[in-house]
Amino acid sequence: MGSPEASRGRREQRRGPVVRRHGQMQAGTTDQHLLDTRGTADWVHEDPFRVLRIQSEFVEGFGALAELPPAISVFGSARTKPGSPEYEAGVAIGRGLVEAGFAVITGGGPGAMEAANRGAMEAGGISVGLGIELPFEQGLNPYVNLGVDFRYFFVRKTMFVKYASGFVVLPGGLGTLDELFEALTLVQTKKVTRFPIVLFGTDYWQGLVDWLEHTLVPQGKMSPADVQLFHITDDVEEAIGVVTKEAGT
């Protein structure tokens, strides 16, 4: 008797758990592609390889951050100017969080992120920067003493939430809003619990809060109780007090 492969007239090809038939069959074998150094490097851009790369990012992130003490993630604009009131508030918040017994996690970039990292480092605390690969060079700011760079936003976002006990959100743009609404959604759907969120800067955030209260709530797009998922303030000590007390310390 011939082999099952031969009896099918080579109309089917098995590669591990994957079955390919007819026009989806590929030349060669997986081992051949692995060992053949004459081939192209296109395979590093294919989805199966991306899965391994994504897995490696989770492993590296978990390994680097697993032994962190309680931490607070601080978000804000990369465009915040050093010396501005927003920057100085970020420094004070970073310092205050360390003095309250917390590590500080930011996106590791310039602006408000640098400010919070600076305050944390100058206070002798753990200053974490979770960077992201971008089309333009940004890099980790010099006040990060524990840094991890990521290729994938969703891996990085997991680290922000998994290893933080709460968020302080300084004025920022689309990236800041992305992190804010992701956190609010996770709290609202009870994917995370005991997770305080503080918006710092009443003048900056009040328009957004008004829109939530006067547009989304009346139209039934969100519950009135959802407006209580965050706290808004202009006071550094109040922000630190809320986020650390509600985080359970």
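This is a predicted model, so every value here is computed, not measured.

What follows deals with the layout of surface pockets. Of the pockets and cavities examined, the second largest pocket occupies roughly 600 Å³. Lining the second largest pocket are 21 residues, with Ala78, Met113, Leu174, Gly175 and Thr176 positioned closest to its centre. When contributions to the lining of the second largest pocket are tallied by element, the ones reaching two or more residues are helix H6 (153-162) and helix H7 (174-188). Broken down by element, the residue count for the lining of the second largest pocket peaks at five residues, all from H7. Class assignment for the residues of the lining of the second largest pocket results in nine nonpolar, eight polar and four charged.

Taking 1.5 Å per residue, 15 residues should reach 21 Å; H7 reaches 21 Å between its end C-alpha atoms and fits that length. What H7 keeps buried is the set Thr176, Glu179, Leu180, Ala183, Leu184 and Val187. On an axial view of H7, the arc spanned by its buried residues comes to 130°, and they lie on one face. Lining the buried residues of H7 we find strand E3 (71-75), H6, strand E7 (167-169), strand E8 (197-200) and helix H8 (202-216). The positive-phi residue at the C-terminal boundary of H7 is lysine 190, with phi of around 60°.

It is worth spelling out the nonpolar core at this point. Leu130, Phe167 and Ile197 are the most contacted members of the largest nonpolar core, which has 38 residues in total. Per-element accounting of this core gives the leading share, five residues, to H8. In this view, isoleucine 197 contacts Phe167, Val169, Leu180, Ala183, Leu184, Val187, Leu229, Phe230 and His231; residues no more than four positions away in its chain are not counted. In this structure, Val74, Leu97, Val98 and Phe200 belong to the second largest nonpolar core, which totals 19 residues.

On the secondary structure map, asparagine 117 appears in helix H5 (residues 112-122). Relative accessible area serves as the criterion here: at 0%, asparagine 117 is assigned to the buried category. Apart from residues no more than four positions distant in its own chain, asparagine 117 is found in contact with Val104, Thr106, Gly108, Ser127, Val128, Asn141, Tyr143 and Val144.

Next up on the list: the pairing of strand E4 (residues 103-106). Residues Ala103 and Ile105 point to one face of E4 and Val104 and Thr106 to the other, with burial holding for every one of them. Direction of pairing for E3 relative to E4: parallel, over a ladder of three bridges. Within E4, the position partnered with serine 73 by the bridge is isoleucine 105. Following the backbone out of E3, through helix H4 (residues 85-99) and into the adjacent parallel E4, one traces a crossover that is right-handed. As judged from the three bridges shared by E4 and strand E5 (residues 127-132), these two strands associate in the parallel manner. Each bridged residue has a counterpart across the sheet, and for isoleucine 105 the counterpart in E5 is valine 128.

In this fold, threonine 80 is placed in the loop between E3 and H4. Residue classification places threonine 80 among the buried positions, given a relative accessible area of 7%. Engagement of the side chain of threonine 80 in a polar contact is seen with the backbone oxygen of serine 77, the distance being 3.3 Å. For threonine 80, the residues in contact, after removing those within four places along its chain, are Glu86, Tyr87, Gly111, Ala112 and Pro171.

Phi is positive for lysine 190, which is not a glycine, with a value near 60°. Of note, lysine 190 is situated in the loop between H7 and E8. On the basis of relative accessibility, which here comes to 66%, the residue lysine 190 falls in the exposed class.

A word on a negative patch on the surface. Where like charges cluster on the molecular surface, the negative patch consists of Asp203, Asp234, Asp235, Glu237 and Glu238. In this fold, aspartate 235 is placed in the loop between strand E9 (231-233) and helix H9 (236-246). Residue classification places aspartate 235 among the partly exposed residues on the basis of a relative accessible area of 37%.

Here the focus is the pattern of salt bridges. For the structure on display, the rule yields four salt bridges. We note a salt bridge from glutamate 122 to arginine 118, for which the minimum N-O separation is 3.0 Å. Here glutamate 122 pairs with arginine 118, and both are found in helix H5, just four residues apart, close to one helical turn. The exposure class assigned to arginine 118 is partly exposed, which follows from its relative accessible area of 28%. Look at the salt bridges and you will find they share partners, linking Lys157, Asp178 and Glu182 into a network.

The rules behind each value
- Residues numbered from 1 in each chain as written.
- Predicted model: local features only at pLDDT ≥ 70, side-chain atom pairs only at ≥ 80, totals over all residues.
- Heavy atoms only, no water.
- 1 Å grid on protein atoms, 1.4 Å probe; cavity = no way out; pocket = protein on both sides within 12 Å on 5 of 7 lines; lining within 4 Å.
- Points joined across faces, edges and corners; volume = space filled by probe spheres on them.
- Helix = DSSP H or I, 4+ residues; strand = E, 2+ residues; numbered from the N terminus.
- Nonpolar A, V, L, I, M, F, W, Y, C, P; charged D, E, K, R; others polar.
- Expected span 1.5 Å × (residues − 1).
- Buried < 20%, exposed > 50% of the residue type's maximum accessible area, 1.4 Å probe, protein only.
- Arc of directions from axis to C-beta.
- Contact = heavy atoms within 4.5 Å.
- Core = buried A, V, L, I, M, F, W, Y, C linked by side-chain atoms within 4.5 Å.
- Pairing = 2+ DSSP bridges.
- Right-handed = clockwise from strand over helix to strand, strands pointing away.
- Polar contact = N/O pair within 3.5 Å; in protein donor to acceptor, adjacent residues only side chain to side chain.
- Patch = residues over 30% accessible without salt bridge, like charges linked within 9 Å, V, L, I, M, F, W, Y side chains within 5 Å.
- Areas by Shrake-Rupley, 256 points an atom, 1.4 Å probe, with all protein chains shown as cover.
- Salt bridge = Lys/Arg side-chain N within 4 Å of Asp/Glu carboxyl O.
- Lys, Arg positive; Asp, Glu negative; His and termini not counted.
- Charge placed at Lys NZ, Arg CZ, Asp CG, Glu CD.

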